Amino acid sequence: MSLAPADSVSSSARPRIRFREKRGGRFLREGAPWAYLDEIAFDRRTKALPPGSVAVLEDEERRPVATVALNAGTQVALRMLDPDPEAQIDGAWFAARFSAARDLRARLIGGEHYRLIHAEGDGLPGVIVDRFGPACVVQANAAWAEAHLSALLEGLDAALAPEVVVLNDDSRLRALEGLPPGRRLVKGTLDGPVEVPQNGAIYLADLLKGQKTGWYFDQRPNHATAALLAKGGRMLDVFAHSGGFSLAALAAGASSALAVDSSELALDLARAAAVRNGFGERFAAARADAFGAMTRLAEEGARFEVVVCDPPAFAPNRAALEAGLRAYRRTARLGAALVEPGGFLMLCSCSQAVEPEALREEAWAGMRVAGRRGRLVYSGRAGADHPIHPALPETGYLKTLAFQLD
Ligand code: SAH
């Protein structure tokens, strides 16, 4: 597939595009940063533009209203790049966005480990950048970003001067945009996992082989809450990945933590990080299917002061919603059975299609089947390094609930 050439075209020579009559309302009147294919008045010429082409959006009176990116080969066919119809999408343009995102994190998060760019929330539709100190992992999950990759990397260099840059092209979103998968180092070298300091623990992330960008920054505030709940007690960390919840709990004084995950690679990083933190015998990890492991632990009579269940998205889309909700209920039932009286169950969902209220209902239903009662003591979302575009509440995908059980 050939993408649009980088933005060398002067804005006056750019293709022009309009919405079909009376369409585009979500974009024009509600301020949404994208529009769907069937809303756009493509003609033969604009339909044939390479994916990721930059165009000028015009209103019904043919006045220019914004600089947008087009991809006629996908449902999200128009993406807002800049309210200025004359904007040049070059290195300086990217650098301005990266600098603003960095300054926001400096205020809200501190340190140098965070999600630097959360797509539309940071004004770069479809782009994810995670920062690990001197290393950055970039996901260009939209055709326009791939087409402007050299300007993007130039802007990143100008704003942050990273020593290492990994391009991570494994997101399923890229397939929807017709982009190929893969991972490669485009700057610097990496000799093994990198350290991620967070909530008093030091974690290890593998930026080349790990899941997603190598680390789940979104759970940071919820790791902190779980750590408070676990102080002095035992934690069971189910769907643990590299120990996000369990190592924070141990750093905050939990007596022990058991991490369960199906990925040996993720657990090896958790084990190495536990040694690095000096947690010794307090940490254990088991590679197992989460449902089987929780069932076995219950049969053995194991109980914990805190049980965290942070599964992958059980409802990755609306079609999977019913089955997904049942899976959250089952997870809550199995988890609740393992909580000591007075202890806590934390249930997380990263499914965009699952509303917070729906998760609370499934959690409560699962707890009742397990014969448990209790109270909701905490509702968390992704951390402040995951800003949400006000017109796209659905991008606030993460929900984390904690219940105290009687
Ligand atoms: N709790 C982690 C993030 C978890 S992501 C954190 O705070 O950083 C979801 C995890 O679930 C992944 O690590 C994945 O390997 C694991 N997983 C997926 N299906 C599983 C299953 N059936 N049993 C156990 N683990 C599973």
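Remember, predicted model here, so these are calculated numbers, not experimental data.

## Notes on the environment of Val196
Tracing the chain through its elements places Val196 in strand β11 (residues 194-198). Residue classification places Val196 among the buried positions, given a relative accessible area of 0%. Taking the C-alpha atoms as reference, Val196 lies 31 Å from Asn317; in sequence the two are 121 residues apart.

## Side note on the confidence of the model for the protein chain
Per-chain confidence: the protein chain averages 95 in pLDDT, with 97% of residues scoring 70 or above. When pLDDT is averaged over each helix and strand of the protein chain, the minimum, 77, is found for helix α6 (residues 172-176) and the maximum, 99, for strand β13 (residues 234-238).

## A look at the site of the ligand
Close to the ligand lie 16 residues; His223, Asp261, Asp289, Ala290 and Asp310 are nearest. Separating a nitrogen atom of the ligand from a side-chain N or O atom of Asp289 is a distance of 2.8 Å. With the chains in place, 88% of the 580 Å² that the ligand exposes on its own is no longer accessible. Of the residues assigned to the shell around the ligand, the class counts are seven nonpolar, six polar and three charged.

## Notes on the domain arrangement of the protein chain
Here the domain parsing of the protein chain yields domain 1 (11-82), domain 2 (91-187) and domain 3 (202-405). A straight line from the C-alpha centre of domain 2 to that of domain 3 covers 27 Å. Counting from both sides, the interface comprises 22 residues of domain 2 and, opposite them, 20 residues of domain 3. Around 1700 Å² of area is buried between domain 2 and domain 3 when both sides are counted, 66% of it from carbon and sulfur atoms. In terms of surface lost to domain 3, no three residues of domain 2 exceed His118, Phe132 and Arg183, which account for 31% of the buried area on that side. Our count for the domain 2 to domain 3 interface comes out at zero salt bridges. Inspection of the domain 2/domain 3 interface yields seven residue pairs in polar contact (both at pLDDT 80 or more). Elements supplying a minimum of two residues to the side of domain 2 that touches domain 3: α3 (91-108), β6 (113-118), β7 (127-132), β8 (135-140), β9 (164-168) and β10 (183-187). Here the residues of the side of domain 2 that touches domain 3 are counted per class, giving nine nonpolar, five polar and eight charged.

Cut-offs applied
- Each chain carries its own residue numbering, running from 1 in the written order of its sequence.
- Confidence filtering applies because this is a predicted model: local features only for residues at pLDDT of at least 70, side-chain atom pairs given and counted only at 80 or more, and all residues used for totals across whole chains, interfaces and linings.
- Excluding hydrogens and water, the side-chain figures rest on all heavy atoms present in the structure.
- Put simply, DSSP marks the helices as runs of H or I at least four residues long and the strands as runs of E at least two long, and each gets a number from the N terminus on.
- Any residue under 20% of the maximum accessible area for its type is buried, any over 50% is exposed, and the rest in between are partly exposed; the area is computed with a 1.4 Å probe on protein chains only.
- A residue's pLDDT is simply how confident the predictor is in it, with values from 0 to 100.
- When we say a residue is near a molecule or strand, we mean one of its heavy atoms is within 4 Å of it.
- Any pair of N or O atoms that falls within 3.5 Å is considered a polar contact. Within protein, one atom must be able to donate a hydrogen and the other to accept it, and sequence-neighbouring residues count only if both atoms are side-chain atoms.
- Method for areas: the Shrake-Rupley scheme with a 1.4 Å probe, in which residue coverage is limited to the protein chains shown.
- Residue polarity is assigned by list, with Asp, Glu, Lys and Arg as charged and Ala, Val, Leu, Ile, Met, Phe, Trp, Tyr, Cys and Pro as nonpolar; anything else, Gly included, falls into the polar class.
- Residue ranges assigned to each domain were obtained from an automatic or database domain assignment.
- The contact criterion used throughout is that any non-hydrogen atoms of two residues lie within 4.5 Å.
- Here's the idea: put two parts together, see how much 1.4 Å probe accessible area each one loses, and the total over both is what we call buried area.
- Criterion for a salt bridge: a side-chain nitrogen of Lys or Arg within 4 Å of a carboxyl oxygen of Asp or Glu.

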